Amino acid sequence: MDFKFSTYHVFVVGLLAFLQFTVVLDFMILSPLGVLVMKELQISTQQFGFVVSAYAFSAGVSGILAAGFADRFDRKKMLLFFYIGFVVATFLCGIANSYFFLFGARILTGVFAGVISSISFAIVADLFPLQVRGRVMGFIMTAFAASQVFGLPIGIFISNIWGWQSPFLMIAGISGTVGFVIFFFLKPLTTHLDNKTERHAFMHLVKTLTEPKYFPAYIATTLLATGGFMLMPFGSAFSVHNLGVKLEDLPLVYMVTGVVSMLGGPLMGRLSDWIGKYKMFVIASFLAAVIIIYYTKMQVTPLPMVIFINSILFVFVAARMISANALTSAVPDLHDRGAFMAISSSVQQISGGIAASVAGLIVIQTPSGYMERYETLGYVVAGAILITVILMYNVNRIALSKHSK
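Caption draft 1: Representation of the overall build of the protein chain in the model. Looking only at helices and strands, the protein chain has 17 helices and two strands in total. Against the 2.2 N^0.38 benchmark of 22 Å for 405 residues, the protein chain shows a C-alpha radius of gyration of 21 Å, consistent with a compact globule. Taken along its principal axes, the extent of the C-alpha atoms in the protein chain is 60 × 45 × 40 Å. Considering the protein chain as a whole, with its 405 residues, one finds that 54% of them fall into the buried category.

Caption draft 2: Region of interest: the pattern of salt bridges. In total, this model carries six salt bridges according to the counting rule given. A salt bridge links arginine 75 to aspartate 126, with the nearest nitrogen and oxygen atoms 2.5 Å apart. Placement of the pair is arginine 75 in helix α4 (residues 75–94) and aspartate 126 in helix α5 (residues 99–127), with a sequence separation of 51 residues. Measuring nitrogen to oxygen at the nearest pair gives 2.7 Å for the salt bridge that ties aspartate 273 to lysine 277. The network of salt bridges with common partners includes Arg135, Asp273 and Lys277.

Caption draft 3: View of helix α6 (residues 130–140). Counting buried positions along α6 yields eight of eleven residues, so the element is predominantly enclosed. Looking only at α6, the buried set comprises Leu130, Val132, Arg133, Gly134, Val136, Met137, Gly138 and Ile140.

Caption draft 4: How the structure looks around the confidence of the model for the protein chain. When pLDDT is averaged along the protein chain, the result is 85; 94% of the residues meet or exceed 70. Ranking the elements of the protein chain by mean pLDDT puts helix α11 (residues 226–231) last, at 70, and α4 first, at 95.

Caption draft 5: A look at the packing of α5 against α6. Orientation of α5 relative to α6, taken along the N-to-C sense of each, is 150°, at an axis distance of 10 Å. Here α5 lies roughly antiparallel to α6, going by the angle between them. Here the hand of the crossing between α5 and α6 comes out right-handed. Together, Phe121, Val124 and Ala125 of α5 and Arg133, Val136, Met137 and Ile140 of α6 make up the contact between the two elements. Each residue belonging to the contact of α5 with α6 can be placed in one class, and the counts come to six nonpolar, no polar and one charged.

Caption draft 6: Broad picture of the nonpolar core. Core analysis: the biggest nonpolar cluster contains 85 residues, and Val37, Leu79, Tyr83, Phe86 and Ile182 have the highest contact counts within it. If we ignore the near neighbours within four places in the chain, the residues touching isoleucine 182 are Leu15, Leu19, Lys76, Leu79, Leu80 and Tyr83. Counting residues in each nonpolar core, the second largest holds 35 residues, with Val245, Ala289, Ala319 and Val363 among its members.

Caption draft 7: Region of the structure containing a nonpolar patch on the surface. Taken together, Ile283, Phe286, Leu287, Val290 and Leu386 make up a surface patch of nonpolar side chains, about 420 Å² in accessible area. The greatest single-element share of the nonpolar patch, amounting to four residues, is contributed by helix α14 (residues 277–295). Turning to its location among the elements, leucine 386 is positioned in helix α17 (residues 374–403).

Caption draft 8: Layout of the packing of aromatic side chains. Summed over the entire model, instances satisfying the criterion amount to 19 aromatic pairs. Relative to tyrosine 55, the ring of phenylalanine 27 lies with its centre 5.2 Å away and its plane at 40°, an arrangement referred to as tilted. On the criterion of sequence distance, the pair formed by phenylalanine 27 in helix α1 (residues 7–29) and tyrosine 55 in helix α3 (residues 45–67) is long-range, its members being 28 residues apart. Overall, tyrosine 55 belongs to the buried group, its relative accessible area being 4%. Here the aromatic residues Phe81, Phe82 and Phe112 are joined through ring pairs into a cluster of three or more.

Caption draft 9: View of the packing of α1 against α4. The interhelical angle for the contact between α1 and α4, taken along N-to-C directions, is 35°, at an axis separation of 12 Å. Between α1 and α4 lies a crossing of left-handed hand. Contacts from Leu16, Leu19, Thr22, Val23 and Asp26 of α1 reach α4 at Leu79, Tyr83, Phe86 and Thr90.

Caption draft 10: The side chain of serine 346, seen in detail. Looking at the secondary structure, you find serine 346 in helix α16 (residues 337–362). Filtering out sequence-adjacent residues up to four positions away, serine 346 remains in contact with Ala59, Gly60, Gly63 and Ile64.

Caption draft 11: Broad picture of the environment of valine 206. Locating valine 206 in the fold gives a position in helix α9 (residues 201–210). Judged by relative accessible area, which is 30%, valine 206 ranks as partly exposed. C-alpha separation for the pair valine 206 and serine 323, spaced 117 residues apart in sequence, amounts to 27 Å.

Caption draft 12: Expanded view of the side chain of serine 323. With respect to the helices and strands, serine 323 occurs in helix α15 (residues 303–328). A residue is classified by how much of its surface remains accessible, and serine 323, at 0% relative accessible area, is buried. A distance of 3.2 Å separates a polar side-chain atom of serine 323 from the backbone oxygen of arginine 320.

Caption draft 13: Highlighting the environment of phenylalanine 48. With respect to the helices and strands, the residue phenylalanine 48 is situated in helix α3. Separated by 55 residues in the primary sequence, phenylalanine 48 and phenylalanine 103 have C-alpha atoms spaced 8.9 Å apart.

About the cut-offs
Residues numbered from 1 in each chain as written. Predicted model: local features only at pLDDT ≥ 70, side-chain atom pairs only at ≥ 80, totals over all residues. Heavy atoms only, no water. Helix = DSSP H or I, 4+ residues; strand = E, 2+ residues; numbered from the N terminus. Rg over C-alpha atoms; globule rule 2.2 N^0.38 Å. Buried < 20%, exposed > 50% of the residue type's maximum accessible area, 1.4 Å probe, protein only. Salt bridge = Lys/Arg side-chain N within 4 Å of Asp/Glu carboxyl O. pLDDT = per-residue confidence, 0-100. Axes fitted to C-alpha atoms, helices over the stretch in contact; angles between N-to-C directions. Parallel < 35°, antiparallel > 145°, perpendicular 65-115°, else oblique. Left-handed = near helix turned anticlockwise from the far one by under 90°. Contact = heavy atoms within 4.5 Å. Nonpolar A, V, L, I, M, F, W, Y, C, P; charged D, E, K, R; others polar. Core = buried A, V, L, I, M, F, W, Y, C linked by side-chain atoms within 4.5 Å. Patch = residues over 30% accessible without salt bridge, like charges linked within 9 Å, V, L, I, M, F, W, Y side chains within 5 Å. Areas by Shrake-Rupley, 256 points an atom, 1.4 Å probe, with all protein chains shown as cover. Phe/Tyr/Trp six-rings, centres within 6.5 Å; stacked < 30°, edge-to-face > 60°. Polar contact = N/O pair within 3.5 Å; in protein donor to acceptor, adjacent residues only side chain to side chain.

Printed below as a string of structure tokens:
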């Protein structure tokens, strides 16, 4: 049966995409501001690293802690609560004037931001049937590319004029407006409450976490983000020192890659709905693995070729994430959906942090800046991608059996 998108459905997809844009931008904006932050607050690279990782760690922990409550309330109220917290915490980052103030504000931001994505994906699963979830996820996940294309350049530009705090104040102001839109125009989402169990919040968390039929999805999710978290931290250094990209050309590489990802994401989402989510995942994974092995072996390369390889790699990585998220959204029972999404999001955050640490142990940067053993990292990432293909087979089987009932 064909699903017809109403005006309200289109509004919800657009709202969730813009909401994701603000959250992703807040997460990404700190790294390029590092030079200004370290100089102004007079902190070391190690201290700055703690500030960056504090966000990811607190986001992972808060997702787990919130999981028990995720299915006990109207999803609109849950979204509003955590989004208001996110806006306040981001504003605090914008007025931070010391290391410990900023460190605390980033922890607080992570606590609220870490739950927003999982609530958003639960809303998608509540409102849209599986056959159209690929295109919906594809559109919402363009937020990552949009923040790279529009958000980061604007954020860096205004930080050079008004200081490193100004991008956070800008994000808080825009997010506050989004909060009003959610409050006035998003309808209550309470379908899951019709099947609500009377378990205590902690028991609901434990039951969802230990439910055997959810294990394949949790295990697959653990490896799903490995590629991005392993390659991205060293991507700019590899481009400059190994591929010969000039520092001033890096923004162009990221901008073109982002634009291609924005166009490719919704296309890959539609394709996954058409040919099948798992089939799309297998094809995208195989192509991404081949490109990664080729990319990590590259030496000095002309700029157009670097941009081309980066762009097609990002499209296939996005295709993997879109089809995988659409598939895993079909796994949980309705009354477990919010908790399941929160746990999955946390698992992804924490495993991503571990993957980034492991990547740091594999890659060696010489005094000249050249990245050694990057091709070894490529093989590790490609191996993880292919293992995930096998793990996702079980997720697909569970999703299809639930969908066919």
